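A look at the structure
Below, each chain spelled out in residue letters.
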Amino acid sequence: MTQLMNAVMLTGYGGLEKLEYTQVQKPIPQQGEVLIKVGACSVNNTDINTRTGWYAADEGFQEILQDTKKNDEEKSTGWSQTGIKFPRIQGADIVGEVVEIGTDVEPKFLNQRVIVDPWIRGENLEKYLYVGSELNGGFAEYVAIPATNVCLINSSLSDVELATVPCSYSTAENLLTKGRVSDIDTVVIMGASGGVGSSAVQLAKIRGATVIAIVGKNKEHLVKELGADYIYPRNDELASNLAKHEITVSVDVVGGEYFEIIFKALSIGGRYVTAGAIASPIVDLDLRDLIYKNTEMIGATRFEPQVFQNLLQ
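One structure accompanies this document, and this report is about it. (Residues numbered from 1 in each chain as written. Predicted model: local features only at pLDDT ≥ 70, side-chain atom pairs only at ≥ 80, totals over all residues. Heavy atoms only, no water.)

**Brief notes about the overall build of the chain**
A count of helical and extended segments in the chain gives eleven helices and 16 strands. A compact globule built from 313 residues would reach a C-alpha radius of gyration of about 20 Å, and the chain, at 20 Å, matches this within 12%. Considered along the principal axes of its C-alpha atoms, the chain spans approximately 70 × 50 × 40 Å. In the chain, of all internal contacts separated by at least 6 residues, the share reaching a separation of at least 24 is 67%. (Helix = DSSP H or I, 4+ residues; strand = E, 2+ residues; numbered from the N terminus. Rg over C-alpha atoms; globule rule 2.2 N^0.38 Å. Contact = heavy atoms within 4.5 Å.)

**Side note on the pattern of salt bridges**
Side chains that differ in charge, positive against negative, can pair when their charged atoms come close. Scanning the entire structure with this criterion turns up ten salt bridges. With a closest N to O distance of 2.8 Å, Asp-159 and Arg-113 form a salt bridge. Separated by 46 residues along the polypeptide, Asp-159 in helix H4 (residues 159-162) and Arg-113 in strand S6 (residues 113-116) bring together distant segments of the chain. Take Asp-159: its relative accessible area is 22%, and that puts it in the partly exposed class. We note a salt bridge from Arg-288 to Asp-286, for which the minimum N-O separation is 2.8 Å. (Salt bridge = Lys/Arg side-chain N within 4 Å of Asp/Glu carboxyl O. Buried < 20%, exposed > 50% of the residue type's maximum accessible area, 1.4 Å probe, protein only.)

**Regarding the packing of helix H5 (residues 166-178) against helix H6 (residues 195-206)**
Taken N-terminus to C-terminus, the directions of H5 and H6 make an angle of 55°; their axes are 8 Å apart at the nearest point. Taken together, the axes of H5 and H6 lie oblique to each other. Crossing angle aside, the handedness with which H5 passes H6 is right-handed. Contact residues: H5 offers Ser-168, Tyr-169, Thr-171, Ala-172, Glu-173, Leu-175 and Leu-176, while H6 offers Gly-195, Val-196, Ser-199, Ala-200, Gln-202, Leu-203 and Ala-204. In the contact of H5 with H6, the residues fall into eight nonpolar, five polar and one charged. (Axes fitted to C-alpha atoms, helices over the stretch in contact; angles between N-to-C directions. Parallel < 35°, antiparallel > 145°, perpendicular 65-115°, else oblique. Left-handed = near helix turned anticlockwise from the far one by under 90°. Nonpolar A, V, L, I, M, F, W, Y, C, P; charged D, E, K, R; others polar.)

**Structural notes on H5**
Here H5 contains 13 residues, and its C-alpha end-to-end distance of 17 Å stays within 8% of the 18 Å for a straight helix at 1.5 Å per residue. Within H5, ten of the 13 residues are buried, which leaves it mostly tucked inside the rest of the structure. Two residues or fewer after H5 comes Arg-180, characterised by a positive phi angle close to 55°. (Expected span 1.5 Å × (residues − 1).)

**Observations concerning the sheet that holds strand S4 (residues 88-89)**
Spatially, three strands are ordered S2-S1-S4 in an open sheet, and the strand pairing comes out antiparallel. With one partner strand each, in any of the chains shown, strand S2 (19-25) and S4 form the two edges of the open sheet. As defined by bridge partners, strand S1 (residues 4-10) adjoins S2 across seven bridges and the pair is classed as antiparallel. Residue pairing across strands places Ala-7 opposite Thr-22, the latter belonging to S2. (Pairing = 2+ DSSP bridges.)

**Comments concerning the packing of aromatic side chains**
Taken as a whole, this structure holds six aromatic pairs when the rule is applied. Seen in terms of ring centroids, Tyr-13 and Phe-86 are 4.9 Å apart; in terms of plane orientation they differ by 90°. Their pairing is edge-to-face. Of the two residues, Tyr-13 is situated in the loop between S1 and S2 and Phe-86 in the loop between helix H3 (72-75) and S4; the sequence distance between them amounts to 73 residues. Judged by relative accessible area, Tyr-13 falls into the buried class, the value being 4%. (Phe/Tyr/Trp six-rings, centres within 6.5 Å; stacked < 30°, edge-to-face > 60°.)

**Side note on the pairing of strand S15 (residues 266-274)**
The pairing of strand S14 (residues 247-252) with S15 spans five bridges and is parallel. Pairing of Val-249 across the sheet is with Arg-271, part of S15. As paired strands, S15 and strand S16 (residues 296-299) are joined by four bridges and run parallel to one another. Its bridge partner lying in S16, Arg-271 is registered against Glu-296.

**Focus: the layout of surface pockets**
In this structure, the second largest pocket spans a volume of roughly 270 Å³. Taken together, 14 residues form the lining of the second largest pocket, with Leu-157, Leu-162, Val-165, Leu-311 and Leu-312 sitting closest to its centre. Breaking the lining of the second largest pocket down by element, the ones donating at least two residues are H6 and helix H11 (305-312). Looking at the lining of the second largest pocket, the element that brings in the most residues is H6, giving three residues. Its residues assigned to classes, the lining of the second largest pocket comprises eleven nonpolar, three polar and no charged. (1 Å grid on protein atoms, 1.4 Å probe; cavity = no way out; pocket = protein on both sides within 12 Å on 5 of 7 lines; lining within 4 Å. Points joined across faces, edges and corners; volume = space filled by probe spheres on them.)

See below:
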């Protein structure tokens, strides 16, 4: 007998009207999978960007949404740069309890509290899939996830609190790992009061780095509490403020008009690393700043399992 569950289905690219609360078939864990009863699953920019078609690299998402001649699967891309297949259950930040296991799964997972690493890894980077984008996620009562992406947890934090970790903290950890941040670095973090930015502040301080946090108006107190060494607002004085420092790493999840400022602020041999562009993905780059300062530019989305494991230690 088919069992049903409640879920929020994304039916296509667009606004909130594309989300439908309905009943669907409860998943059955296949070989190598576990079935998780979802305790909490947070919402973040990844979910919004997937819904709106923001990840399309070849044209603006507004034009995509207005193009009625294409099927939704042809209009845009997800994390894996392939069309999303609808309907889709979103939600990458999953915490819950394993209630069933498929074949070839260790019994130790059964009835245990777990957190999900959202990157499902293939044999190479092109084969990576993201939970809630290329396969169903946690905006439902239950979700089936490969056991290789499930981590046992023993924490006093609630499911809701822990559900803030998978996307924001793993993205931040990957940014700092790819940027090779250590205690000898001075790191500027653009968008430091947001989910990924605030995570990056904390993780950079754990590494012993000097942290320069750039935030919007009236958000200074948020990053001060997290331990940022210097805090500057996004305003006309930003370039002159950054010029006071020898910056070795720029961590950016904002992009847009401030990209040029934090890129030029890097010292010779500096590293620019990014995992987002919430202001705009289209930026101005003077190649002389890249070439003659021996600057590295690093995109950081897909990450290895050890990055996620680092967060749980």
